[in-house]
Every structure is written in structure tokens, then in C-alpha cells.
2 protein chains.
Amino acid sequence: MYAQPIQKLISELSRLPGIGRKTAQRLAYFIIKSDDNYAYELSEAISNAKDNVKYCSVCGNITDKDPCEYCSSPTRDRSIICVVQDSRDVIAIERTKEYKGLYHILGGAISPMEGIGPEDLRIAQLMARLDSTVEEVILATNLTVEGETTAMYISRVIKPLGVKTTRIARGIPSGADLEYTDEATLANAIEGRRIID
Amino acid sequence: MYAQPIQKLISELSRLPGIGRKTAQRLAYFIIKSDDNYAYELSEAISNAKDNVKYCSVCGNITDKDPCEYCSSPTRDRSIICVVQDSRDVIAIERTKEYKGLYHILGGAISPMEGIGPEDLRIAQLMARLDSTVEEVILATNLTVEGETTAMYISRVIKPLGVKTTRIARGIPSGADLEYTDEATLANAIEGRRIID
């Protein structure tokens, strides 16, 4: 029903996560109909990103230079490494402007269901970074079963090295009502209560 | 916070309709991380579609050849022209497999709010097509205020030519409950009731 180049574009767009057939069709028409150079700019941005983006050989973050800006920064605190599942988690943490240490990207979490074991993650590379300059490893994997399992596993393998290992706090999100908070979260929040100075 | 090529890709993707910052970020990471040649295939599909897609000089449909497949088809019924607002409406109508006539794409609808008048639509081109071979013009603009206004306007300008002009039926959608149908639709459905043979 579609002209061949449109058909091809719709089918390529449909492969994007969360983009169904209908949305792909809408996007394809938008791209084709855009008056300015948008289609070429988008096309170029995609191939350029693919060409120039690589993984940092130290932390595993997505970057356009190796080592990445965090690993090569002279101003970041090199005594703390924050371990996350994904590059996008780095962006989320950077947005808080609260953290000035280094990062380590695992590339996922342990998940027997999906057949992902510790050897599939960048845990050996993390261990290799834990020399005497590193004082703390913050485990900032997701607060899901997989994330918790991964944090537990890493804390166990790090323990013999004597490096302090911490886990990000579980509790009630900012702005949330207690009434609508699930029991597990509420129980965690009570258990993790802190003295008010 | 992002490496420059990622930043650029996210900002280009954000210009797509319905794609917010968060979604653009998710899509960008997906594109960059895709193992196979997906990024290049997508990039190529976009620029190729933009390069090869044009507007049919007869009906105004998006096409890769001029005249388009409908206008140049020897099997379509050339005595009926179905007038729609947008190329996507053609796809929707083709899906029904009910219609075998020609099309005419207006490129929008009359909308004083958006400053779109009859002269901004392909109405003159439609008039030029109405020779003695055309027996019916189906007005299939949207069932919105703008679509109705446009249908009314076109039916008025066609009237002196003596060509039969019809409007697609208003009524209750297939599968809908009367209970949840708005009054205007229900009123239209009652008004437009048909004798059961």
C-alpha cells in the first residue's frame, strides 16, 4: 500500500523499542514531509552517533573518547566508584549534581530468567579497578530483584578486598503519599529510618 | 552530560512528534547499542525516503513515482474521486479494500484558527480534475469541525458543475456501546438511520 521507500522507512522505525506500526507510520510521514533538512540531519545524526560512540575501556560508559570524560577528569573524586547497570543511570545520577566520584557500568544485572550470569557483566573489570586508591564502592543497581541480586553478589566478591561497599538507600520517593506506598517500600523506609540531628 | 554525538542524536530525535526527551534518550541508546547494522539501515532508510518520495502531480498523494500508483492504475474506477485531508487517510481507506476509485489529497482542512483557508488546500487542482469522466466526488475529510467545514465548502464549489457529491456516513463506530456514545454521534446515527432490506 505504501511506496517502497516509505514502506522501508516504516519497517526500520518499527524496530525501535516502544514504537508500534501506527507510530512508525506517523513518524515516517513526519520525516518525509518535514520541509527543512530535518530528514538529512536526523539520518546524519544516527550514522554519526553510531560511528563515533564507543565504550570507555575503564568504566564501560558510552563515550566519544576513551577514557571517557569521567574517567579522565582531573576534578572527580577517584576514591569512590559508583556501580550502575546502564549508561543511562550515569546520566540520571549526574542530574542530581550530588555525586563527584567515578562510575562503573555493568551492562545489565544478573538474571537467571534471561540467562544473564555474573560472567556476562563487567564485574571482573570492576575488580581490576579496586586498587589502594579506591575507598568506597557504591552499589547503585536497580531496586529490583535482578538489581538487588547483582548488588549482593558484587558486595560478596568485593568483601575479601576490604573495600567499603555501600548500597543506595531504599525508601519512600520524594513527594509520595504514605497512603499509596506499597508495603515493601514502607517497611524498607521504616527499617532504614535515620536519627534527626 | 552526554557525549556530543549522543546529545546531537537525542536532540534530533526529540523533534519527532510525540517523542519527548526521555523517549528520545531511550531511542538514542537503543540505536547506538544495536549490534547489527540497524543504525546504518535506519539512517539510510530516512535519507532514501526523503530523496525518493515526492507528491503526485495529479492527486497530491505521497509517492515514489509520478503519477502515483492510483492515478496511473488501469484497473481503478476513474469515475469516482475520494477527497481526503492527508496521504495517511488513503492508506486507511485502502485497508478497507472497499474502495476502487481515485483519490485527491487536500493537504489539510480549512481552519481559521490555524490560518488555513481554501486557497491553502489543493481545491483548485481538484476542480481541474472534474471533467465529464468524473461522476462522483466522495468527501472523506475528517468528522471534525475543520473537516466538516472543508467538506461543506467543496460541495458548494462543486455544485455548479453538476457532479454528484457525497459525504462519508456519520454514525456509531463498529463495536461501540450505545451507552458510551456521545450525544452528537448518537443523534447523527439516529438521523442517518437506514431501512433494513
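Before any of the text, the structure's been laid out above.
None of these values were measured; they are calculated from a predicted model.

For the match of chain A to chain B, the screw axis carries a shift of 0.0 Å, the RMSD comes to 0.1 Å, and the turn is 180 degrees. In symmetry terms, the pair is related by a two-fold rotation axis. Relative to the rotation axis, the closest C-alpha in chain A is found at Ser43 of chain A, a distance of 2.1 Å. Same-surface contact between copies: 100% of interface residues of chain A are shared with the interface of chain B.

Across the contact, 52 residues belong to chain A and 52 residues belong to chain B. Taken together, both faces of the contact between chain A and chain B bury some 5300 Å²; the carbon and sulfur share is 66%. For the interface between chain A and chain B, the tally reads 4 salt bridges. A salt bridge links Lys33 of chain B to Asp86 of chain A, with the shortest nitrogen-to-oxygen separation between them at 3.0 Å. Elements that contribute at least two residues to the side of chain A that touches chain B include exactly α1 (4–13), α2 (21–33), α3 (38–52), β2 (62–63) and α4 (87–96) of chain A. A total of 14 residues in the side of chain A that touches chain B trace back to one element, the largest contributor, which is α3 of chain A. Counted by class, the side of chain A that touches chain B contains 27 nonpolar, 10 polar and 15 charged residues.

Helix-helix packing is characterised by the crossing angle of the two axes and by the distance between the axes. At their nearest, the axes of α4 of chain A and helix α2 (residues 21–33) of chain B sit 11 Å apart, and the two run at 145 degrees to each other. For the pair formed by α4 of chain A and α2 of chain B, the contact residues are Ser87, Arg88, Ile91 and Arg95 of chain A on the first element and Gln25, Arg26, Tyr29 and Lys33 of chain B on the second. By residue class, the composition of the contact of α4 of chain A with α2 of chain B is 2 nonpolar, 2 polar and 4 charged.

Let us now look at the sheet that holds strand β3 (residues 77–84) of chain B. All names here are of chain B. The sheet built from 4 strands is open, its strands ordered β4-β3-β5-β6 with parallel pairing. The open sheet is flanked by β4 (101–105) and β6 (164–167), the only strands paired with a single partner. The sheet shows a mean angle of 25 degrees between the axes of neighbouring strands, taken without regard to direction. Sheet analysis places β3 next to β4, joined by 5 bridges and oriented parallel. Within β4, the position partnered with Ile81 by the bridge is Leu102. Strand contacts of helix α4 (residues 87–96): β3 and β4, with the helix running at about 155 degrees to β4, the strand carrying the most contacts. Sheet contacts for helix α6 (residues 145–158): β3, β5 (136–139) and β6; angle to β6, the most-contacted strand, approximately 170 degrees.

Further remarks concern helix α6 (residues 145–158) of chain A. Since the α-helix packs 3.6 residues into each turn, any two residues three or four apart lie on the same face. Residues and elements named next belong to chain A. End to end, α6 covers 20 Å across 14 residues, agreeing with the expected 20 Å (1.5 Å per residue, within 8%). When we look at burial in α6, the residues that qualify are Gly147, Glu148, Thr150, Ala151, Ile154 and Ile158. Buried residues in α6, looked at end-on, bunch into an arc of 160 degrees, giving them a common side. Residues of α6 that are exposed and point over 90 degrees away from its buried face: Val145, Met152 and Arg156. Check the buried side of α6 and you find it contacts β3 (77–84), α5 (123–129), β5 (136–139) and β6 (164–167).

Looking now at the packing of aromatic side chains. Geometrically, a pair of aromatic rings is defined through the distance of the ring centres and the angle of the planes. Tallied over the entire structure, the rule returns 8 aromatic pairs over all chains. Consider the rings of Tyr70 of chain B and Tyr103 of chain B, whose centres lie 5.3 Å apart with planes at 70 degrees: the pair is edge-to-face. Taken together, the residues span a long stretch of sequence, with Tyr70 of chain B in the loop between β2 (62–63) and β3 and Tyr103 of chain B in strand β4 at a distance of 33 residues. Accessibility assignment for this pair places Tyr70 of chain B and Tyr103 of chain B in one class, buried. Through a chain of ring-to-ring contacts, the aromatic side chains of Tyr70, Tyr99 and Tyr103 of chain A assemble into a single cluster.

As a further point, take the pairing of β5 of chain B. Consecutive residues of a regular strand have side chains that alternate between opposite faces of the sheet. Residues and elements named next belong to chain B. Burial of the side chains of β5 extends over both faces: Glu136 and Ile138 are buried on one face and Val137 and Leu139 on the other. In the sheet, β3 pairs with β5 via 4 bridges, with the strands oriented parallel. By the bridge assignment, Val83 is partnered in β5 with Leu139. The sheet contact formed by β5 and β6 spans 4 bridges and is parallel. Paired with Val137 across the strands is Thr165, a residue of β6.

The rules behind these values
Residues numbered from 1 in each chain as written. Chains lettered and ligands numbered in written order. Predicted model: local features only at pLDDT ≥ 70, side-chain atom pairs only at ≥ 80, totals over all residues. Heavy atoms only, no water. Least-squares fit on C-alpha atoms with pLDDT ≥ 70 in both. Contact = heavy atoms within 4.5 Å. Buried area = accessible area lost by both parts, 1.4 Å probe. Salt bridge = Lys/Arg side-chain N within 4 Å of Asp/Glu carboxyl O. Helix = DSSP H or I, 4+ residues; strand = E, 2+ residues; numbered from the N terminus. Nonpolar A, V, L, I, M, F, W, Y, C, P; charged D, E, K, R; others polar. Axes fitted to C-alpha atoms, helices over the stretch in contact; angles between N-to-C directions. Pairing = 2+ DSSP bridges. Expected span 1.5 Å × (residues − 1). Buried < 20%, exposed > 50% of the residue type's maximum accessible area, 1.4 Å probe, protein only. Arc of directions from axis to C-beta. Phe/Tyr/Trp six-rings, centres within 6.5 Å; stacked < 30°, edge-to-face > 60°.

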